[in-house]
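# Geometric and topological summary
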Amino acid sequence: MTQPSNTRSWLAPTLLGAAAALGASALYAVAKTREAERRHPPIGRFMTVDGVRLHYLERGRGEPLVLIHGNGTMIQDFLVSGVVDALAERHRVILIDRPGYGYSERPRALWTPRAHATLFEKALRRLGVTQAVVLGHSWGSLVAVALALQAPQMVRSLVLASGYYYPTLRADVVLFSPPAIPVLGDVMRYTVSPVVSRLILPGLIKAMFAPAPVPERFDEEFPRDLMLRPSQLRASAEDAALMTPVTVELHEHYRNLKLPVVIIAGADDQVADVGRQSERLHRELPQSALIVVPGLGHMIHHLAPEQVVRAVEQASEHPRARAA
């Protein structure tokens, strides 16, 4: 007869302890977010498009070139790689933090590549861009493709770096998607997710560069603390959850791309298998060019910046791109 009383005797302290731990984690997440934003303030300007506040940066003069970053990163990913400085010698380089990353807002919505592309098209028109070369890296390559499909007159040519284009079974989708779940995900990203992410982030970054080592410049200059903010964890989780479903829809339209396309990837990419992704897309697009760099991984713009710059120039100088 004393069992219910005994149960209550340990249940209440356990619940209080759990609540206290979650509260402490939330305070930790908020404090770390403020610290990260104090150390790494915005480096660009802001515009509001369809109610979404976007953070963007421009460098150089010449033909417009739009760079679209991948999942988990932000515009500093391109800046730290060195490709922006090189490309700005001949181009007006435009970098936009995708919604939820860096200092761009991400209202609750279904942020598919097509939704990104609609927003980017309006943002570029606001900046006076009527036609541009577009480079997308990783998840950003899907946005670049969607933009070319939806606004073919705006996109002169495409450079697709380390992209994921066809649906496959991916363990990372299952592992990294929970913070995208409404309510549960909100609790996670303000409590356990920042702590866990801080522990596993070094290993994830190593995997992104593998088999090459992480460049010293990336280690020293990339604001990785911004990646661990609850807002960016949600964006990254949502993109991970959508990665396979959106390619199911998009890959049915790749043959509608009638513009010059240069595809570049590291031969030993451990994130997006080159044979099943970049090489397959090259076979499907007869007008495309494929560059595979031996011995390199997913972060091709850091590991082979000269080749990426040459890929952009190849796309820019293609006769059909000039005729457009």
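Computed from a prediction, not measured in an experiment: that's the story for all the values here.

### Observations regarding helix H10 (residues 230-250)
Given a rise of 1.5 Å per residue, 21 residues ought to cover 30 Å, and the 29 Å separating the end C-alpha atoms of H10 matches this to within 8%. Approximately 45° is the largest bend angle found in H10, and it occurs at Met243, with the proline Pro245 only one to four residues beyond. Burial of H10 is extensive: 15 of the 21 residues sit out of reach of the surface.

### Observations concerning the side chain of Ser138
Along the chain, the position of Ser138 falls in the loop between strand S5 (132-137) and helix H5 (139-150). Beyond its immediate stretch of four places on either side in the chain, Ser138 contacts Gly70, Ala161, Ser162, Gly163, Tyr164 and His298.

### Some details on the environment of Thr33
Inspection of the secondary structure assignment puts Thr33 in helix H1 (residues 3-39). For Thr33, a relative accessible area of 15% gives the class buried. Setting aside residues up to four positions removed in sequence, Thr33 forms contacts with Arg229 and Pro230.

### Considerations on the pairing of strand S8 (residues 288-293)
With 6 bridges joining them, strand S7 (residues 261-266) and S8 adopt parallel strand pairing. Each bridged residue has a counterpart across the sheet, and for Ile263 the counterpart in S8 is Leu290. Running through helix H11 (residues 278-284), the crossover from S7 to the neighbouring parallel element S8 is right-handed.

### Some details on the sheet that holds strand S6 (residues 155-161)
Spatially, the 8 strands line up as an open sheet ordered S1-S2-S4-S3-S5-S6-S7-S8, and their pairing is mixed. Both outer strands of the open sheet, strand S1 (45-49) and S8, are each paired with one neighbouring strand and no more. Pairs of neighbouring strands in the sheet enclose a mean axial angle of 25°, with direction left out of account. By the bridge criterion, 4 bridges tie strand S3 (residues 63-68) to S5 in an arrangement that is parallel. Its bridge partner lying in S5, Leu67 is registered against Leu135. Packed on one face of the sheet, helix H13 (residues 305-317) meets S3, strand S4 (91-96), S5, S6, S7 and S8 and runs near 155° to S6.

### Quick notes on the nonpolar core
The biggest cluster of nonpolar side chains holds 46 residues, and the ones touching the most others in it are Leu158 and Tyr254. Broken down by element, the residue count for this core peaks at 8 residues, all from H5. With sequence-adjacent residues up to four places away left out, Leu158 is seen in contact with Val134, Ala144, Val145, Ala148, Leu257, Leu259, Pro260, Val261, Val262 and Ala315. Membership of the second largest hydrophobic core comes to 43 residues, among which are Val80, Val83, Val84 and Ala212.

Definitions and cut-offs
Residues numbered from 1 in each chain as written. Predicted model: local features only at pLDDT ≥ 70, side-chain atom pairs only at ≥ 80, totals over all residues. Heavy atoms only, no water. Helix = DSSP H or I, 4+ residues; strand = E, 2+ residues; numbered from the N terminus. Expected span 1.5 Å × (residues − 1). Bend = angle between axes of the 7 residues up to and from the residue. Buried < 20%, exposed > 50% of the residue type's maximum accessible area, 1.4 Å probe, protein only. Contact = heavy atoms within 4.5 Å. Pairing = 2+ DSSP bridges. Right-handed = clockwise from strand over helix to strand, strands pointing away. Axes fitted to C-alpha atoms, helices over the stretch in contact; angles between N-to-C directions. Core = buried A, V, L, I, M, F, W, Y, C linked by side-chain atoms within 4.5 Å.

So yeah, pure geometry; function would need other evidence.
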